[in-house]
Amino acid sequence: IVDLLVVDNSVYYRLTPRNPYKRRTLIYQTEPRPVSRGAGERVKDELNAESVVHPTSVSKRKSVTKKTRFEVFKRDSFTCQYCGRKAPDVLLVVDHIEPVAKGGTNDFLNLITACAECNSGKSDRRLDDTTVLDVQRQQLEELQQRREQIEMIFQWRQGLLELDNEIIARLSAWWSKLVRGFRLNENGVKGLKRLVKKFEVGEITVAMQIAADQYLEYDENGPTQDAVEIAWEKVGGICRNRRRQKDQPNERRLYYVRGILNNRLDYLDADLAIHLLQRAHTAGATLESLELHAKTVTSWTDWRRDIESFGSAQDDVSEDCNMPGDCLGTVT
């Protein structure tokens, strides 16, 4: 079927296929020529060879990609920017701030998250420019701030890691200098890292020096391996004891008394000894009396019996009893 249309002395033939499933309109323009202008007149004619085909202009809308849609949802915190409802309570879609019908594009800044209900109600009406721009500007500023803060955190953590590694390297080198010919192995480095988490660097270096001075034994080649291992095992305990002594000044004297016992007696339970010394001092024994008693006692059994008896006997002795030996008759 060919319909005739005359515009400005030009003849247009509109060809409409009979098949309704293939119905599409094509406009054919012939050379200008005078024609009769019967209104609604239907004409059957052959198109001449010079005819130029002009398809009707059909606007094709480009769909938003899944990646872009996800990025928009993520930027807007999966929240409808019209009503504030969030997924999964509502079905979210990507809406155009500047409607496609009015020239809007799929540019990231022209897209906004909306729920299906708000989007269908909005139709092709444009959002208020100031509101949308303010919301997007605030979101972009917050996003940039979060990125900057995350970057700062990573830089800070990297700096701490580098500082920790430098501290470990220097402490390890200091220990190697104290125990000439030896260095910390992998397990030793792990132990050193645990010490660094608990104590100050100054505390650890002093403890290393004390451990080396008190526990190292030497042969013709320098410190023995067994002595070095024992000295290293003592470093953590020395750190703890020295810190405790700062909080409890008398602790240092008590550990000194225990050291006397350790040097004089054939056997000593170090942990139990310090516990008994602390209890005796709390019960009223002076530091001088405890030191004198440690210098005169001859066996661990006698010393332990005197110290354990001292606490229980304090309620029945005179105020002149200032040391375990005075009260129990074991020291002359």
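Residues numbered from 1 in each chain as written. Predicted model: local features only at pLDDT ≥ 70, side-chain atom pairs only at ≥ 80, totals over all residues. Heavy atoms only, no water.

So, the overall build of the protein chain
Broken down by element type, the protein chain carries 11 helices and eight strands. Relative to its full complement of 332 residues, the protein chain shows a buried share of 31%. Here the analysis covers contacts within the protein chain between residues at least 6 apart in sequence; of these, 56% occur between residues at least 24 apart. As presented, the protein chain carries roughly 22,700 Å² of accessible surface, and 50% of it is formed by carbon and sulfur atoms. (Helix = DSSP H or I, 4+ residues; strand = E, 2+ residues; numbered from the N terminus. Buried < 20%, exposed > 50% of the residue type's maximum accessible area, 1.4 Å probe, protein only. Contact = heavy atoms within 4.5 Å. Areas by Shrake-Rupley, 256 points an atom, 1.4 Å probe, with all protein chains shown as cover.)

Considering a positive patch on the surface
Taken together, Lys193, Arg194, Lys197, Lys198 and Arg240 make up a surface patch of like positive charges. Counting residues per element, the positive patch draws most heavily on helix H4 (residues 186-198), which supplies four residues. Note that Lys198 resides in helix H4. (Patch = residues over 30% accessible without salt bridge, like charges linked within 9 Å, V, L, I, M, F, W, Y side chains within 5 Å. Salt bridge = Lys/Arg side-chain N within 4 Å of Asp/Glu carboxyl O. Lys, Arg positive; Asp, Glu negative; His and termini not counted. Charge placed at Lys NZ, Arg CZ, Asp CG, Glu CD.)

Observations regarding the pairing of strand S6 (residues 111-115)
Taken residue by residue, a regular strand's side chains alternate between the two faces of the sheet. Among the five residues that make up S6, five are buried, leaving the element largely enclosed by the rest of the structure. Pairing of strand S5 (residues 92-96) with S6 involves five bridges; the strand directions are antiparallel. Residue pairing for S6: His96 is matched across the bridge by Leu111. (Pairing = 2+ DSSP bridges.)

Digging into the packing of helix H7 (residues 251-264) against helix H9 (residues 287-296)
Where H7 meets H9, the axes come as close as 9 Å, and the angle between the chain directions of the two elements is 5 degrees. Judged on the interaxial angle alone, H9 and H7 are roughly parallel. Residues Arg253, Leu254, Tyr256, Val257, Ile260, Leu261 and Arg264 of H7 form the contact with H9, whose participating residues are Leu287, Glu288, Leu290, Glu291, Ala294, Lys295 and Thr296. Here the contact of H7 with H9 is built from residues that sort into eight nonpolar, one polar and five charged. (Axes fitted to C-alpha atoms, helices over the stretch in contact; angles between N-to-C directions. Parallel < 35°, antiparallel > 145°, perpendicular 65-115°, else oblique. Nonpolar A, V, L, I, M, F, W, Y, C, P; charged D, E, K, R; others polar.)

Digging into unusual backbone geometry
A cis geometry characterises the amide bond from Ala87 onward to Pro88, with omega recorded as 5 degrees. Inspection of the secondary structure puts Pro88 in the loop between helix H1 (66-75) and S5. Positive phi, close to 60 degrees, is recorded for Ser77, a residue that is not glycine. Topologically, Ser77 is positioned in the loop between H1 and S5. You will see that Phe78, though not glycine, has its phi angle at about 55 degrees, which is positive. Within the secondary structure, Phe78 sits in the loop between H1 and S5. Here Phe78 falls in the partly exposed class, since its relative accessible area comes to 33%.

Focus on the packing of aromatic side chains
Summed over the entire model, instances satisfying the criterion amount to five aromatic pairs. Between Tyr267 and Trp300, the aromatic rings sit 6.0 Å apart at their centres with planes inclined by 80 degrees, giving edge-to-face as the arrangement. Here Trp300 lies in helix H10 (residues 300-313) and Tyr267 lies in the loop between H7 and helix H8 (270-283), a separation of 33 residues in the sequence. A connected cluster of aromatic rings, assembled from ring pairs, spans Phe70, Phe73 and Phe78. Stacked on the ring of Phe108, the Lys or Arg Arg75 has its end atom at 4.8 Å from the ring centre. (Phe/Tyr/Trp six-rings, centres within 6.5 Å; stacked < 30°, edge-to-face > 60°. Lys NZ or Arg CZ within 6 Å of the ring centre and 35° of its normal.)

Some thoughts on the layout of surface pockets
What the largest pocket holds in volume is close to 990 Å³. As for the largest pocket, its lining consists of 25 residues, and the residues nearest its centre are Gln214, Tyr215, Asn241, Tyr255 and Arg258. Breaking the lining of the largest pocket down by element, the ones donating at least two residues are helix H5 (201-215), helix H6 (225-247), H7 and H8. Considering every element that reaches the lining of the largest pocket, the biggest residue donor is H6, with nine residues. Split by residue class, the lining of the largest pocket holds nine nonpolar, eight polar and eight charged. (1 Å grid on protein atoms, 1.4 Å probe; cavity = no way out; pocket = protein on both sides within 12 Å on 5 of 7 lines; lining within 4 Å. Points joined across faces, edges and corners; volume = space filled by probe spheres on them.)

Here we look at H8
Taking 1.5 Å as the rise per residue, H8 with 14 residues should run 20 Å; its terminal C-alpha atoms sit 20 Å apart, in good agreement. The complete set of buried residues in H8 reads Ala273, Ile274, Leu276, Leu277 and Ala280. Each buried residue of H8 lies within a common arc of 165 degrees when the element is viewed along its axis, so the set occupies one face. H8 presents Asp271 and Thr282 as exposed residues on the side facing more than 90 degrees away from its buried surface. Just downstream of H8, Gly284 is the residue with a positive phi angle, here 130 degrees. (Expected span 1.5 Å × (residues − 1). Arc of directions from axis to C-beta.)

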